[in-house]
Amino acid sequence: MNILMALSQLEVTGAEVYAVTLSNELIKRGHNVTIISDTLTKSSKADYIKLRFNKRGLGQRINQIKKLIKIIKEKDIHVVHAHSRASSWSCEIACKIAGIPLITTTHGRQPVHLSRKIFKAFGQETLAVCENVKTHLIKELGVKESKITVLRNPINSRLYDFSPLNKRKEKIISIIGRLSGPKGEVTYSLLERLCSLENTIIQVIGGKNTPDKFNKFLKNKNIKFLGYINDIPNKIKDSDIIIGAGRVAVEAILSGRPVIAVGEAKYIGLVTSSNLPEALKSNFGDINYKNEQSFNWENLIVDLKTALIMSEKELLSLRKKTQKEFDMEQILTKLEIMYDRNYILAKKYEMPVIMYHRVIKDRSEGGVHEIYATVEQFEKHLKYLKKNNYQTVTFKDLTDNRYKHRFDKGNKFVVLTFDDGYVDNYKYAFPLLKKYGFKAVIFLVSDLNYNKWDVDVTENPEKEFHLMNMEMVKEMEEYGIEFGGHTKTHPKLATLTTEEASKEILESKKTLEEKLGHPLVSFAYPYGNLNNSVKNIVASSGYQFAVATDSGDICFSSDLFKIRRIGIFSTNTLLTFKRKVSGRYNFIKIKREEKEFKKKSKEKKI
C-alpha cells in the first residue's frame, strides 16, 4: 500500500518515534510510506515532506488541505495515518475529498470542548495507545466504541537485550522525559524528593534546554542534566533504576531495568508483574481518562528501595509479559489489516478470487452438479477480462508481500482458480488461457485419478470424470499455471480427526512437491470445509495462502489461510460474471448472508 503518515510537532515527541518506527517497519514489509510533518528529527527510510500543521489559522488550514490532496493524488495514497490532533483536522477533510480512509492514533487525552465533539476528526478508526485513552474518547468526546481499537505503540524487542544488573555501590537513577509542560513539573517534583539521596547519581535525560526553574539543582553534584540524547538504550542499560512513562518505561523493562512508572497524570510506582495491567491502562502513568492528576509521592522512596532488590527472575518475567503486549510483528500485522480493510470499505473494492471447477465443450458433457462453464462461456469471460485490462495473477505472483500492491495504480488483479484438476482444465481451459495470455491456479487432488468423492456418494451420485496426469500438469506449469494442494482424497477436513486431517494435507503436499520438484504455495479446502484446527495445520505446513469458498473475510489480507472465493456456475450469465469480477460482488453477497443469518436466528427463536 501507499501510506501517508501525518504528525505535527516542533520538537521530538513520542508520536514521532512511533510514526518513524511504524514507517520503517512497514517499508520492510513492502509498503511505500511518506511522512508529512512540521519537523522530522528521527532517521527514516520514508520520504519526508515538510508541512506546518502547527499553523492553525483558517487560511493556513485551507492551504494544508490543498497540499494534502495534491500529495494524495501524486503519490496515489491509499490510507492516511495521523498521529496528532493538528494533523488529523486537516487530514480528515482532505481524505473525505479524496475518498480514502483516515486512521488516527490517539496518544493522550484530547481537549474536551464543543468544537471537538462536533468535528471529532478521528477518521474511520482511531487507535488508542492504552485503555484510559479509549475510555476518555468514549465518555468525554462521544466517540463510538466500535471505532476505537486499543493498539499499543509497537516496540522491536530484539533491539533491547536483557542485560544483568550493575553491581556498583553508587547507583544511577535516570529520569527520562521532557523538561517542559506537565512532564517538566513531574521531573521537578521528583528532583525535589531525590536530590538528597546518598550514594546516588540522578541523571535527567530529555529536553533541548534546561528551564530556569531547574537552576537550583545545577549546583548539586549528584544531579546531571544530560539534555536530549539519541542513544537512550545504552543510557538505560547503564542505569540501575529508570523513572519515566510511556515508551521509556517499556524500553527499560525490556532491557531488564526496574522501572518507577510516573507520567504527567499518575504515579504508578514500581512496575511488577502483578500491577502491569494497571500500568498499561495509563501508558505507565502518562494518561488518566479523567482530566486529573494522582501522585502518591510518599511511596517513592520505598519503591526505589524495593526496585534495588528485584531479582533477575522477576525482571525476566516482567519483560516476557511486556514483550507480548508491545510485540512489533503482531501489532504491525493488525495495523496492515486495518489499513486494507478501511481502504476496501471506502472504495467498495477488493481483488476478486474466482473459483471454477470444470470447463466443458457443451452441456452434454456436464454432470449432476452444475459446477462448470462451457467453452463458449469461459471464452466470453476471458474476452471480457482482456478487454477491460484485468491482469491474471497466481498466488506465487503474490508472495514476498506482493499482494500488498494489489491496489496500486495500474494494477487490476484477478485470481482465476480451478478446483480438483479435471482433464477438461487441460483440454479446454488451457488453450483459451494461452490464447488470451492469462494465468490460473489449479488445486490438485494428489491420490485419485477421477472424482471418486462425488461418484461414491449414495444420494445423487456424479458421473465419473478423469483428473489430469502429471504430464499435463508439467506442461501447464511450464507455461505459467500454478498448481496447489487439495488433499489426497478430497474429504471434508473439519469432520476428520486432527491426525487424519494432517495426513490428508501433509502427505498430499509431499507427494505433489516430489512430482513437481518445488514447494507448493497455495492450498484449497475441499468443499470450503475447515475449522481452526485444520487451518492451523495448513498454516504450519509451509503453504503461504489457503482458499475457502463462501467463508472468509471481505478483505483478502485479513486471513491469508481463509481467503474467500467467488464461485462460477453453469447458470451464470456474462452479466453475472461481470458483477463477480468487479471487486464489489462480495460486499453484496456478505450482506445477503448476514441478512439470511439474522432471519434464521429469528425463526429459531420463534
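Position labels on residues start from 1 in each chain and follow its written sequence. In keeping with the model being predicted, local features are shown solely for residues with a pLDDT of at least 70 and side-chain atom pairs are shown and tallied solely at 80 or more, while totals for entire chains, interfaces and linings include all residues. The side-chain values count all of the structure's non-hydrogen atoms but skip hydrogen atoms and water molecules.

1. Considerations on the packing of aromatic side chains
Cut-off, in case you're wondering: Planes of paired rings set the category: under 30 degrees apart is stacked, over 60 is edge-to-face and the rest tilted, where pairs are Phe, Tyr or Trp rings (Trp by its six-membered ring) whose centres lie within 6.5 Å. Here a strand is any run of E in DSSP of at least two residues, a helix any run of H or I of at least four, and the numbering for each starts at the N terminus. Between buried and exposed lies partly exposed: a residue is buried under 20% and exposed over 50% of the maximum accessible area for its type, with that area taken using a 1.4 Å probe on protein chains only.
For the structure on display, the rule yields 21 aromatic pairs. Both rings, one in Tyr403 and one in Phe545, keep their centres 6.2 Å apart while their planes meet at 90°; by these two values the pair is edge-to-face. Here Phe545 lies in strand S22 (residues 545-547) and Tyr403 lies in the loop between strand S17 (391-392) and strand S18 (413-420), a separation of 142 residues in the sequence. Exposure remark for Phe545: the relative accessible area of 2% places this residue in the buried category. Taking 6.3 Å as the distance between ring centres and 45° as the angle between the ring planes, the aromatic pair formed by Phe545 and Phe556 counts as tilted. Taken as a pair, Phe545 in strand S22 and Phe556 in the loop between S22 and strand S23 (566-567) lie far apart in primary sequence, 11 residues in all. As far as burial versus exposure is concerned, Phe545 and Phe556 are alike and both buried. Taken together, the aromatic side chains of Tyr188, Phe214, Phe217 and Phe225 make up a single cluster linked through ring pairs.

2. Digging into the nonpolar core
Keep this limit in mind: Buried Ala, Val, Leu, Ile, Met, Phe, Trp, Tyr and Cys residues that are joined via side-chain atoms within 4.5 Å together make up what is termed a nonpolar core. Contacts were defined at the residue level, with two residues in contact if any of their heavy atoms lie within 4.5 Å.
Counting residues in each nonpolar core, the largest one holds 66 residues, and the members touching the most others are Leu385, Phe395, Leu398, Tyr525 and Phe556. For this core, the element with the most residues is helix H15 (residues 423-436), which contributes six residues. Excluding anything up to four places from it in sequence, Leu398 contacts Met351, Val393, Tyr403, Phe413, Val415, Phe545 and Phe556. Counting residues in each nonpolar core, the second largest holds 30 residues, with Met1, Ile3, Met5 and Cys555 among its members.

3. Quick notes on the environment of Lys409
Structurally, Lys409 can be placed in the loop between S17 and S18. Measuring from C-alpha to C-alpha, the distance between Lys409 and Ser255 comes to 44 Å, with 154 residues separating the pair along the chain. Look past the residues within four positions of Lys409 in its chain and what remains in contact with it is Lys73 and Asp76.

Remember that the coordinates give geometry; whether it matters functionally is a separate question.
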